[in-house]
Amino acid sequence: MAFFKKKSVSAPPLPPPKHIAIIMDGNGRWATRKGLPRTAGHAAGSEVFRRIATYCRDIGISYLTVYAFSTENWKRSEEEVTAIMGLLKKYLFEALEKMEKDQIKLRFLGDLTRLSPELLALIDRTNAVSEKYEGFQANICLNYGGRDEIVHAARAFARACVKGEANPDELTEMQFGSYLYSAGIPDPDLIIRPSGEVRVSNFLLWQSAYAEYYFTDVLWPDFTPAELDKAIAAYHGRNRRFGGVK
Ligand code: FPP
């Protein structure tokens, strides 16, 4: 029987990730290790978000999605929740002032109904300005939970069915995606979790079906553009098969 040696073909290098998502974890530990209140870690973390968003825009990433506040984070002390909400307001105030210069379009994913009227008003203003821009988009997940997002989408789909606008037997994955908070945003290619925790924590459950994960021990306030480069380099070394064979 003839023996045919299988030629080994290495997979072509991956194109750069179009969409990077980050669980900004480790703020509390960073602050505690420095003898600072946890809120100081969140303040440092929001500065890192700014730097990383700008870097993503500069290197040609199309979407950056960050987990800023989960549906479970309300369990934290009132002081910590107020501090995070305050940082978000501060960030939005400043972002609104220099959006034209920065060209960073913002979108908010999550159940926003529980946010303060003041924060909601800022989000509305930010959305209105963001509509004018094309190009790099940062998505901030606020009062976001992956399961909550799926339940919210299922309710919206059921309502459409009751009104006769949708048919349950014809529902496709793509159609269901259009009911999610992330409608219209491509799935993340790369999801980064700093701080040494190796879990998903209810982040982008639907959208992460074929995402590549990257975990690092670096705490979010210490995360730098060079760390992002390392994550992207690791991503380039992956062989994405999407369930097929390559
Ligand atoms: C997780 O670290 C971080 C959060 C729950 C809050 C993240 C919020 C910000 C960075 C501030 C505002 C955001 C923007 C986009 C301006 P952790 O506190 O759970 O850290 P730990 O595990 O060390 O306690």
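Rules behind the numbers
Residues numbered from 1 in each chain as written. Predicted model: local features only at pLDDT ≥ 70, side-chain atom pairs only at ≥ 80, totals over all residues. Heavy atoms only, no water. 1 Å grid on protein atoms, 1.4 Å probe; cavity = no way out; pocket = protein on both sides within 12 Å on 5 of 7 lines; lining within 4 Å. Points joined across faces, edges and corners; volume = space filled by probe spheres on them. Helix = DSSP H or I, 4+ residues; strand = E, 2+ residues; numbered from the N terminus. Nonpolar A, V, L, I, M, F, W, Y, C, P; charged D, E, K, R; others polar. Axes fitted to C-alpha atoms, helices over the stretch in contact; angles between N-to-C directions. Parallel < 35°, antiparallel > 145°, perpendicular 65-115°, else oblique. Left-handed = near helix turned anticlockwise from the far one by under 90°. Contact = heavy atoms within 4.5 Å. Phe/Tyr/Trp six-rings, centres within 6.5 Å; stacked < 30°, edge-to-face > 60°. Buried < 20%, exposed > 50% of the residue type's maximum accessible area, 1.4 Å probe, protein only. Lys NZ or Arg CZ within 6 Å of the ring centre and 35° of its normal. Core = buried A, V, L, I, M, F, W, Y, C linked by side-chain atoms within 4.5 Å. Pairing = 2+ DSSP bridges.

Student: Got a sec to walk through the layout of surface pockets? Specific residues and values, please.
Tutor: By volume, the largest pocket is sized at about 680 Å³. Lining the largest pocket are 30 residues, with Met-24, Tyr-67, Ala-68, Asn-73 and Arg-76 sitting closest to its centre. Of all the secondary-structure elements, those providing two or more residues to the lining of the largest pocket are helix 1 (27-33), helix 2 (38-58), strand 2 (63-70) and helix 3 (78-102). Looking at side-chain class alone, the lining of the largest pocket contains 13 nonpolar, nine polar and eight charged residues. By volume, the second largest pocket is sized at about 400 Å³. Lining of the second largest pocket is provided by 19 residues; of these, Glu-173, Gly-177, Asp-187, Trp-206 and Gln-207 occupy positions nearest its centre. Residue composition of the lining of the second largest pocket, grouped by class: 10 nonpolar, five polar and four charged.

Student: Explain the packing of helix 2 against helix 7 (residues 225-236) residue by residue, including any values.
Tutor: Orientation of helix 2 relative to helix 7, taken along the N-to-C sense of each, is 50 degrees, at an axis distance of 10 Å. Here helix 2 is positioned oblique relative to helix 7, judged by the angle of their axes. Both helix 2 and helix 7 take part in a crossing whose hand is right-handed. For the pair helix 2 and helix 7, contact is made by Arg-51, Ile-52, Tyr-55 and Cys-56 and by Pro-225, Leu-228 and Asp-229, respectively.

Student: Describe the packing of aromatic side chains, naming the residues involved and giving the relevant values.
Tutor: Here the structure, examined in full by the defined rule, presents 11 aromatic pairs. With a centroid separation of 5.6 Å and 80 degrees between ring planes, the pair formed by Phe-157 and Tyr-179 is classed as edge-to-face. Taken together, the residues Phe-157 in helix 5 (residues 146-162) and Tyr-179 in the loop between helix 6 (173-177) and strand 5 (190-193) connect sequence positions 22 residues apart. You can call Phe-157 buried: its relative accessible area is 9%. Grouped by ring-pair contacts, the aromatic residues Tyr-67, Tyr-144, Tyr-181 and Phe-203 constitute a single cluster. Note that Arg-114 overlies the ring of Trp-74, its terminal NZ or CZ placed 4.1 Å from the centroid.

Student: A description of the nonpolar core should follow, citing residues and the corresponding values.
Tutor: Counting 47 residues, the largest nonpolar core has Ile-22, Phe-49, Leu-64, Leu-106 and Ile-140 as its most contacted members. Those residues in contact with Ile-140 that sit more than four places away from it in its chain are Phe-49, Val-66, Ala-68, Leu-88, Tyr-91, Leu-106, Arg-107, Phe-108 and Leu-109.

Student: Outline the pairing of strand 4 (residues 137-144), supporting the account with residue identities and numerical values.
Tutor: A large share of strand 4 lies buried, amounting to eight of its eight residues. With seven bridges joining them, strand 2 and strand 4 adopt parallel strand pairing. Bridged to Thr-65 within strand 4 is Asn-139. Alignment of strand 3 (residues 105-109) against strand 4, held across five bridges, turns out to be parallel.

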